Every structure is written in structure tokens, then in C-alpha cells.
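One-letter residues, chain by chain:
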Amino acid sequence: MPTRGGQEGRLLALGRMSAGDLAKAYIPRDIEETWAQAWLDRRVFEADPARDGPPFSIVIPPPNITGQLHLGHALNNTLQDVLVRWRRMAGDNVVWIPGTDHASIATQNVVERKLAAEGLDRHGLGREAFLERTFEWKEEVAPYIVSQLKRLGAGCDWSRERFTMDEGLSQAVREVFVRLWEDGLIYRGRRMINWCCRCGTALSDIEVEHRETQGSLWHLRYPLADGSGEVVVATTRPETMLGDTAVAVHPDDPRWRALIGQKIRLPVLGREIPIIADESVDQEFGSGAVKITPAHDPSDFEMGSRHGLEAPVVIDESGRMTLEAGPYAGLDRVECRAQLVAAFEADGTLLEVKPHTHAVGTCYRCHEIVEPMPSLQWFVRAKPLADPAIEAVREGRTRFHPEHWTKTYYAWLENIRDWCISRQLWWGHRIPAWYCEACGDEHIVVARETPSACPRCGAGLRQDEDVLDTWFSSALWPFSTLGWPEQTADLKRWYPTAVLVTGFDILFFWVARMMMMGLRFTGEVPFRDVYVHGLVRDEYGAKMSKSKGNVQDPLELLAIYGTDALRFTLMSQSAMGRDIRLSTQRIEGNRAFANKIWNASRFVLMKIGEPDPDAASAVACEDAAGRWIRSRLSVAAAEVSLALTEYRFNDASSAIYRFFWNEYCDWYLELAKLSLRSEDAARRAATRRTLVEVLETALRLLHPMMPFITEELAGKLPGASGAPLVESAWPDSGVLTSDPEAEAKVERLIAVVRAVRNIRAETGVAPSREVDLLISCADDAVWRDLTDFQDEIRALARLGVLERWTAAAPPAGAAPAVVAGIELHVPLVGIVDVAATLEKTAREIEKARAELLKVEAKLGREDFIARAPEEIVEKERERAAELVAKLDVLESALGRLGGVGA
RNA sequence: AGGCACGUAGCUCAGUGGGAGAGCGCUACCUUGACACGGUAGAGGUCGGCGGUUCAAUCCCGCCCGUGCCUACCA
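Computed from a prediction, not measured in an experiment: that's the story for all the values here.

## Notes on the overall build of chain A
Part 1: A tally of helices and strands in chain A yields 30 helices and 29 strands.
Part 2: Compactness check: chain A gives a C-alpha radius of gyration of 37 Å against a globular reference of 29 Å for 902 residues, more than 25% above the reference.
Part 3: Projected onto its principal axes, the C-alpha coordinates of chain A cover approximately 115 × 65 × 50 Å.
Part 4: Put simply, of all contacts in chain A between residues at least 6 apart along the chain, 77% involve residues at least 24 apart.

Shown next, in the form of C-alpha cells:
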């Protein structure tokens, strides 16, 4: 095991060997690598379908092989790892399947850039060689991604690692394609698609991002063919006018009704085009007349097909004007617009230009403006797949967390359009369709096995050049990774998967499509739960992006603060439905938490040198403090378990944080220090036992969130079995018991100590100075409980005398406090200026009076008494009585203070 | 245009139909044999605004303002 040598000679000299192992501060890098490797060596993450326990499976959202991981991946995989480690400890048969995604456009872009740097391009290289280069890239990058995940602590089953283009997954893709084709759910056709001129490929609708852009609205005069007048049309894209084949108006529009059926002479080209009537024209917009360019606008395309219009293509796939553009042929679309506008300005065709904001479609990968155009592509008929996907969520077979994402999910699926799946790229799954060289393109052969000849005429076949949308294969991920289409043991055991953890940005791209494909091909949902987390933003709430330069490298943060601190921070910020603003201050805070855990453990290890007497007497000697901390632990364990069950990661982390720091460290360790000084050996032994057991259990509760430090520390505790914590059992609430009686006692102790400390601090008693405490309480049992703790109260509040005060009046010259119905008096005459005490007491009275006023006002309202539930009314009455009693004590003490001061 | 989130302490964020919370920061004090990546105590909020429901609203409802995101064929 990794250890720290160094300046611990002092401790070693005292014979505390175990504590001597620990450095004074936690240094993460000393242990992280060692444990990451140790887990792998023990193969603890390697799953076996034959193992017992309820199945719990997760498939990783496969990172793209485009480069390194970012903080979004760190968040995503931390949450999965927390779930996986937790469920494994809880006894489930767990598998977490890792892998990477080939990401066709993105990866092809990366490799093409690399080629360009070498002065090469893919066309010069040829398809074969290009693919070879890209596979080389993949072989280089995928292991690097895996290594980053391992550094994060991700407990994936690396023996099951997959790649979307490996043999098995490629076979699944082909199987799905062929079946969909056979079922008539895949077709090839000429449709309006989105074309990225830079990437040189078709895109699906959701790969187009709509950006609000400040543009212009050009109003153009279109003369009537007979010269009797003109029609004004407005356009955001003047260059498309070269492809206009009609002007449309609303049939009811009084301004234009008379012109329907007449002809327009199109400027520049002189073509005569009709004025047509169509219901879809918005009379309110512009002049109410709209130019129709069927080949370059989706809605115009539809209108064109309704009216049987020609659709001349004037912009080609590279963004240049075609021969159809007449004098403008060969120009780039941007240049063409500039020249056209200039010409229209000159000849008066341009009536006016108005600023106009509209949503311009851009490519989600390269952000180039997307060109709508009709094109021969492959499509998936989406509706028959979407309907069962909607149904499954409606019936609760898959649930979203937070639940509100279901609405977004429905909204998209209910209005889904056919999915363009062909991409004019080389990197990806090639479409398993062949065309007969003799029969022509109309004869399409779609097959699982590559056919050698045309089954109809025996002539040669040519495979479709295109590849499939990456998301087509991603959609199969939950079952393809488990071995589908084979009915493997993995598939039977772990499908459907338990939960998908992902970001909302790929809800449509990925989640919805996995639902569609999963249901279609397995008959079951791909996952029971979907946990949708937020985006990791910078501390000012901005999206992290390379162009903004605010990207933080998780590996760097890991190195500075430690993996556990980063993980814990990401987790504690993961409240349902919120983005995460990551600030280094916050990570620092959790590094401090790790250090706290380290030092608490260091303390415990220092104190357990003494040999233990028999366990039985130690159990019998458990004191109230020990019972209290065990009880608090049981509460914390229950909270953590429940929170994880409900994907409330932030609540799980804060429950254990609070317990460890504010209860175990702040109070139990301090109490234990005292009982360890006891004369009673059995009591000392009981305390040591509790210190260790509670610490060990807390480390187990923490392990899914902070795997490294907990593993390291647990291994140093006595009684460690030699098996790592990752293989230990989740603290079962059945074993831990709550103890309300002990809780009440210790809470009273804490309240008394705090009250005295408050008086000391506020009246300015020097920290080293002892004060006396007089306690007035009517209840003998309460007094007995307090005297049981008298040594503790004395030590923690720095007291001299601690006595019961039985006189009717409060002692003169003492600062009063009332907590939990107990009167406390700290005589301060001769210790501090009476004025300070007077002032503090007056402030307390002020506060109590204000509160009493509120409560009395409430109790004074008849409606409240009559209509509020009885227990609420009763509670308010008790509160009022308490406040009255408290005020009584404070005021009377104040009076006696005044006397002293005079 | 529609939809969905969000607006709580200086900052980042939890939270609940009945007495406002955390972390960080801030103030004062403390090198107490686990920890200064620490300890003790404290200051700080009309819970975005206006209405409504209710005995009671930071929480439920409506409207408004502000912020972010998503969807959409208004040229």
C-alpha cells in the first residue's frame, strides 16, 4: 500500500506505528494511481452474468474519439461511478460497460485537419488509405480516453469495452438497417434536406442549430409580365431569387386576390413565373406576397410540390451558384448576394432594406450556414418508431429524473419527422445497399452479407458510397454492447439497463433514438431510468468552450485538488435540473473535506495503540456519546441511501459531509478525547471501538463518492480483512440502530456547551480563562444526565465550577442563557466588564421579545385558533410559553446585573 | 412565436404550506498533542415585483420584469 514516509519520526518514536504511516496532510497523488491499479489487478469491476444479486447495468455514454475528455465527461462518469460502486456494495450484480464512439463527422474533420497539416487531403489519399489513417487515430485516442476515465476512478468493466465500429457493433448496425428496410421503415428518396457545404454532407434536422442572427429583409419589386404593375416581395436571402418559380399570396388577401393567375417577369433571368394562391402565406408579413424558391427553402419546397412548380437548383453542394443562375453562375453564394443587391440597388428593383433578426440554420459541428436543398438520401420513417417510445414513457416503463424532461421528450417525438440517416462521409458504417450496374439505381439490394452479384440479373454491384449517421449506431448502444443480435448471457442478464446517465443536450440525438430502437428490436425499453444532469459551466455561468478560452482540463484540476475532491464537488453540485457552475473555490472546500477525513483517521489511528480487552465488556461500556454517534451514523446512512435511490446526488453528499465533519469530527472526536483519558480501561476500549467502527462505516458510505481516500484509509484500520473497501458491503440500515435517548442527551450537552461558548465570546472572556456555570433546572433526570457529562461540559466549555443552582432568583452578576428549557448562569463579575454582559443580555431580550410578539400575534387571531390544525396551534402555544419563561429568566438576570454594575 | 427551466445571505447554490439553510468569502478571537486544507463565536436575507387562494405563502395559482435553454417552414 502506498504510504508516506518523511517527518513522522516523532510519532514513530512514540510507538504509534499505524499513525506514523500518515502524513500530516492528505496528498492525493501518492495513492490515487496505486489504488486505480490495485482495483484493476483484483478485477473487481469485471462482471459475471452468473453472479448472484439483482442485475444493475449501465452503459456509458461513449465519448467521441475526437480528443480528450472535458468536465462534462468528468461529471457524467463520476455520477455513473457513484451509482455503480454503491450498487455493487449493496449486493447487486453490477456491470458498467465502457466504450467509445466513432463520431463520423467530428472525427473525419479532425483527421482531415491533420492531413491538411501534412499537405494532404482525403481525396488524394483515397477512401481505403483514409480509413486506415482514421483507424490509426482511433487506436491512438481511445486508449488515452480510457486512461483518463481510469484516473477519474471510473469502475468500468474494461474487459467489455466496445467501439461503435467494432465488428460486433457493426453487425448490429447492419442487422438493424436490413430489418428496418425489410419492414419498410427505411427508404431512399429525394427530399428536402439540410446540407453543410463545408462538411460536404447531408445533416438531420436536429443537427442544424438555429441561431438568432441580425440580418436584413430585402424588399424587391417584381414586375408583372404584362407591365401593368408590380408585386413587392420580401426576402432574407436575395440570391435565391434566381431560383424563384412563383410568387405566392393568400387567396383571401384583398390586395392581391385579383392578380392570382397572372405572371411575373423575374428580374435578371427574365423568366415568367406565376402568381399563385396558398393558404400558408401570412398576410401580416411584409407585403403579403412571398417569392417561392422550391429548391432552396423547405416551406417553398412543400408549396412547390403542392402546386407542381419547377425547382431549379441555383446553389450547388459547394455553395456556388449553378448554371441556372445565369450571369451569376460560378460565384460563391455570399459573393452572389453582394453583387445581386448592388445590381438591384442600381436598377431600382430594390425597394428598401430593413434590419431583420431571424434564426439562421448552422451546422452543429462546424457552424457553417446550412443550405436547405432537395437531395437523394436515405431516411428512417420515424413515426412508427416514435409512437411506442412515447407509450413506454407514458406507462412509466422508463422514467426521467428530473421528471420535467418527459415533456420535452414527448414534444419532440410527437412532432417527429423522418430521419435522414445517410452522410456523404467516409468514416462510419457504410450503408449496406448495392446498386446493380445493369438494372440501374432503381434496383436496390439491401443485405446482411455483402452480395457478390445482382440477384436478379447476375451483373456486378456497386455499394452505396455513403455512411450512416453516427447516431444510428449510438441508438443501438444499450443492446449492441451486450451482444445483440446474439442472445448472449450478458443481454439476458443485464438488458434492460438500470439507468442512463446523460446530459440534456443529447436527449433527442441519443436518448429518444435509443428508446425507439430498443423497443423496436428487443421489445423492451433500453433503460428503466434516465438521469439527466446539467451542463458544467464556468464559475460565471458561461458555457465552457475552446473559443472562449474558459475550458478547464479535468486532469489539471485532478492533479491540483485530488480526484476525490473534484468528484465530490461535481456530485455535491448535481442538484436535479440544474447546471453546475464550477469554481475552484468550491473544489478547494472539498479538498479541505478530504483533508479533514484524513486527519480524523490519523487521530483515530494514533489512539488505538492500546490493546483491547474483550469485546463484550467494551460493548457493555458504551457511553452515551458512543451511542449518540452510532445513532447519528444510522441516520446519515439512511439519508445517503435514500438520496442515491432518488438520484439526489447533492443530498447524498451533504448528508455524509455534515455527519462526518459536524458530528463525528466536531463533537464525537472531542468527546472521545476525554473518555480516552478515563481511568476505566473498559470505557477506553469501548471508545476506541466506536471511533474505529464509526469511522470505518462512514468511509464505506463515502466510498462511492470519494473512492481513493476512503480505500486508502480503510486499509489502515485495524480489523481490515485485506479486501479493499470497493468490495465491502454497503452499510445496511438494519445493522445500524438509532438511539433517541442518547441523541437527546448529547444534543442537550451540545446546546449547553454552545450557550456557554456564546456567552464567553460575546462578553469577551479570554479563551484560556475558566468560568463557572450554574445550572438551574427543575427536572432531576435532566440534571442527572448533565452531571453524567460534567467532565465533558467542563472541558468543552472551559469551566471551573459546575453546580446546580436552586435559589429562586438568578445569581447576581451572571450572564444568563436559556436552552432546551434549562437555565444557565455564568457569573462574570470580576472577569469581564459588567457592561458587556448587560449589553449581550439586552440583545438576547430584544430578540426573544420580537419573536414573542410574532407568536402572540398569531395566537391572537381567531381564525388561526379555529382553522389551523390543533398540533400547530399547540406548538405555537408551547413556543409562546417557552419564550415567556426565557424572557422571565433573562429580564430578572438583567435586573440583578444592573445592581452589580452600580 | 410557443415551450421549459431559473431568479433565496457578498459569491455559488440547497430547501420547505406553519419558527430562513450550506459551502466559500467576511469580522473577532484562538498555534488547545488529528487537522491553520484547522478551531470557537459572530455579522449578513422585505426568499425578483404585483395580485390571488389559504387561518397561514419564500413554497400553491395568475400576471409582470429579468436570465438561460429548447422547439418552430413566417419569407
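## Topic: the protein's contact with RNA strand B
Part 1: Close to RNA strand B lie 61 residues, the nearest being Asp282, Phe285, Arg578, Arg867 and Pro869.
Part 2: Backbone atoms, meaning sugar plus phosphate, form 59% of the atoms of RNA strand B positioned within 4 Å of the protein.
Part 3: Within the side chain of Gln585, one N or O atom sits 2.9 Å away from a sugar or linking oxygen of RNA strand B.
Part 4: One nitrogen or oxygen atom from the side chain of Asn595 is found 3.0 Å from a sugar or linking oxygen belonging to RNA strand B.
Part 5: Put simply, the parts of the chain that give the surface near RNA strand B at least two residues each are β8 (230–235), β13 (350–363), α19 (584–607), α22 (649–675), α25 (740–763), α28 (834–860), α29 (862–867) and α30 (870–901).
Part 6: Here the element with the most residues in the surface near RNA strand B is α19; it accounts for twelve residues.
Part 7: Its residues assigned to classes, the surface near RNA strand B comprises 23 nonpolar, twelve polar and 26 charged.

## Quick notes on the packing of helix α26 (residues 780–788) against helix α27 (residues 790–797)
Part 1: Viewed as axis vectors pointing N to C, α26 and α27 meet at an angle of 65°, and their least axial separation amounts to 4 Å. Seen from α26, the contacting residues are Leu786, Thr787 and Asp788; seen from α27, they are Gln790, Glu792 and Ile793.
Part 2: Split into classes, the residues belonging to the contact of α26 with α27 amount to two nonpolar, two polar and two charged.

## Observations concerning the side chain of Asp464
Part 1: Considering the arrangement of structural elements, one finds Asp464 in the loop between β20 (461–463) and β21 (467–468).
Part 2: For the buried Asp464, no salt bridge exists, and the shortest N-O distance to an oppositely charged side chain is 4.0 Å, to Arg188.
Part 3: A polar atom in the side chain of Asp464 sits 3.0 Å from the side chain of Trp378.
Part 4: Excluding residues within four positions of it along the chain, Asp464 makes contact with Arg188, Trp378, Arg430, Ile431, Ala433 and Tyr435.

## Quick look at a negative patch on the surface
Part 1: A grouping of Glu870, Glu871, Glu874, Glu878 and Glu882 is seen on the molecular surface, where their side chains present a negatively charged patch.
Part 2: Checked against the element boundaries, Glu870 lands in helix α30.
Part 3: Given a relative accessible area of 68%, Glu870 falls into the exposed group.

## Considerations on the sheet that holds strand β22 (residues 497–503)
Part 1: Sheet architecture is open: three strands sit in the order β15-β23-β22, paired in parallel fashion. Each of the sheet's edge strands pairs with one partner strand only, and the pair in question is β15 (399–401) and β22. Going from strand to strand, the sheet's axes swing by 20° on average, the running direction of each strand aside.
Part 2: Bridge analysis of β22 against strand β23 (residues 527–533) gives six bridges, and the strand direction is parallel. Within the sheet, the bridge partner assigned to Val501 lies in β23 and is Tyr531.
Part 3: Against the sheet, helix α4 (residues 71–89) touches β22 and β23, its axis set at about 160° to β22.

## Thoughts on empty space enclosed by the protein
Part 1: Under the definition given, this model contains five cavities of 30 Å³ or more.
Part 2: Reported here for the largest cavity is a volume of approximately 100 Å³.
Part 3: Considering the residues around the largest cavity, the lining is formed by 13 residues, among which Ala103, Tyr364, Arg365, Thr470 and Trp471 are closest to the centre.
Part 4: Listing elements by their share of the lining of the largest cavity, those giving two or more residues are α5 (104–117) and α13 (470–474).
Part 5: Per element, the largest residue contribution to the lining of the largest cavity is three residues, and it comes from α5.
Part 6: Its residues placed into classes, the lining of the largest cavity shows five nonpolar, three polar and five charged.

## Details of the pattern of salt bridges
Part 1: Summed over the entire model, instances satisfying the criterion amount to 61 salt bridges.
Part 2: The salt bridge partner of Glu112 is Arg122, with a shortest N-O separation of 2.9 Å. Residue Glu112 is located in helix α5, and its partner Arg122 is located in helix α6 (residues 122–125); the two are separated by ten residues in the primary sequence.
Part 3: Taking the relative accessible area as the measure of exposure, Glu112 reaches 27% and is therefore partly exposed.
Part 4: Owing to a relative accessible area of 10%, Arg122 belongs among the buried residues under this scheme.
Part 5: One salt bridge connects Glu465 with Arg127, and the closest N-O pair in it is separated by 3.4 Å. Of this pair, Glu465 sits in the loop between β20 and β21 while Arg127 sits in helix α7 (residues 127–152); the two residues are 338 residues apart in sequence, bridging distant segments of the chain.

## Focus: α22
Part 1: Helix length check: α22, at 27 residues, gives a terminal C-alpha distance of 36 Å against a target of 39 Å (1.5 Å per residue), a fit within 8%.
Part 2: A maximum bend of about 45° is found in α22 at Tyr664.

## Digging into α28
Part 1: With 27 residues, α28 extends 38 Å from end C-alpha to end C-alpha; this agrees with the ideal 39 Å at 1.5 Å per step.
Part 2: Those residues of α28 lying buried are Val834, Thr837, Lys840, Thr841, Glu844, Ile845, Ala848, Leu852, Val855 and Leu859.

## Observations regarding the environment of Ser601
Part 1: The residue Ser601 is located in helix α19 in this model.
Part 2: Taking the C-alpha atoms as reference, Ser601 lies 17 Å from Pro724; in sequence the two are 123 residues apart.
Part 3: Residues contacting Ser601, with those up to four places away along its chain left out, are Leu22, Leu695 and Leu713.
Part 4: A polar contact of 2.8 Å, which involves the side chain of Ser601, links it to the backbone oxygen of Ile597.

## Observations regarding the packing of α22 against α27
Part 1: With their axes 10 Å apart at the nearest point, α22 and α27 run at an angle of 115° to one another. Considered as vectors, α22 and α27 are oriented roughly perpendicular to each other. As for the relative orientation of α22 and α27, their crossing is right-handed in sense. Contacts between α22 and α27 involve Trp667, Glu670, Leu671 and Leu674 on the former and, on the latter, Asp791, Glu792, Ala795 and Leu796.
Part 2: In terms of residue class, the contact of α22 with α27 is built from five nonpolar, no polar and three charged.

## Considerations on the packing of aromatic side chains
Part 1: Using the criterion set out here, one finds 33 aromatic pairs in the structure.
Part 2: Measuring from ring centre to ring centre gives 5.0 Å for Phe400 and Tyr409, while their planes differ by 55°; the resulting arrangement is tilted.
Part 3: For the ring pair Tyr664 and Tyr668, a centre distance of 6.1 Å and an interplane angle of 25° mean the geometry is stacked. Residue Tyr664 and its partner Tyr668 are located together in helix α22, separated by four residues, close to a single helical turn.
Part 4: Grouped by ring-pair contacts, the aromatic residues Phe568, Phe593, Tyr657, Phe659, Phe660, Trp661, Tyr664 and Tyr668 constitute a single cluster.
Part 5: Positioned above the aromatic ring of Phe163 is the side chain of Lys138, whose terminal nitrogen or guanidinium carbon lies 4.4 Å from the ring centre.
Part 6: Over the aromatic face of Trp158 sits the side chain of Lys150, whose NZ or CZ is 5.3 Å from the ring centroid.

Reading the values: rules and limits
Residues numbered from 1 in each chain as written. Chains lettered and ligands numbered in written order. Predicted model: local features only at pLDDT ≥ 70, side-chain atom pairs only at ≥ 80, totals over all residues. Heavy atoms only, no water. Helix = DSSP H or I, 4+ residues; strand = E, 2+ residues; numbered from the N terminus. Rg over C-alpha atoms; globule rule 2.2 N^0.38 Å. Contact = heavy atoms within 4.5 Å. Near = heavy atom within 4 Å. Polar contact = N/O pair within 3.5 Å; in protein donor to acceptor, adjacent residues only side chain to side chain. Nonpolar A, V, L, I, M, F, W, Y, C, P; charged D, E, K, R; others polar. Axes fitted to C-alpha atoms, helices over the stretch in contact; angles between N-to-C directions. Buried < 20%, exposed > 50% of the residue type's maximum accessible area, 1.4 Å probe, protein only. Lys, Arg positive; Asp, Glu negative; His and termini not counted. Salt bridge = Lys/Arg side-chain N within 4 Å of Asp/Glu carboxyl O. Patch = residues over 30% accessible without salt bridge, like charges linked within 9 Å, V, L, I, M, F, W, Y side chains within 5 Å. Areas by Shrake-Rupley, 256 points an atom, 1.4 Å probe, with all protein chains shown as cover. Charge placed at Lys NZ, Arg CZ, Asp CG, Glu CD. Pairing = 2+ DSSP bridges. 1 Å grid on protein atoms, 1.4 Å probe; cavity = no way out; pocket = protein on both sides within 12 Å on 5 of 7 lines; lining within 4 Å. Points joined across faces, edges and corners; volume = space filled by probe spheres on them. Expected span 1.5 Å × (residues − 1). Bend = angle between axes of the 7 residues up to and from the residue. Parallel < 35°, antiparallel > 145°, perpendicular 65-115°, else oblique. Left-handed = near helix turned anticlockwise from the far one by under 90°. Phe/Tyr/Trp six-rings, centres within 6.5 Å; stacked < 30°, edge-to-face > 60°. Lys NZ or Arg CZ within 6 Å of the ring centre and 35° of its normal.

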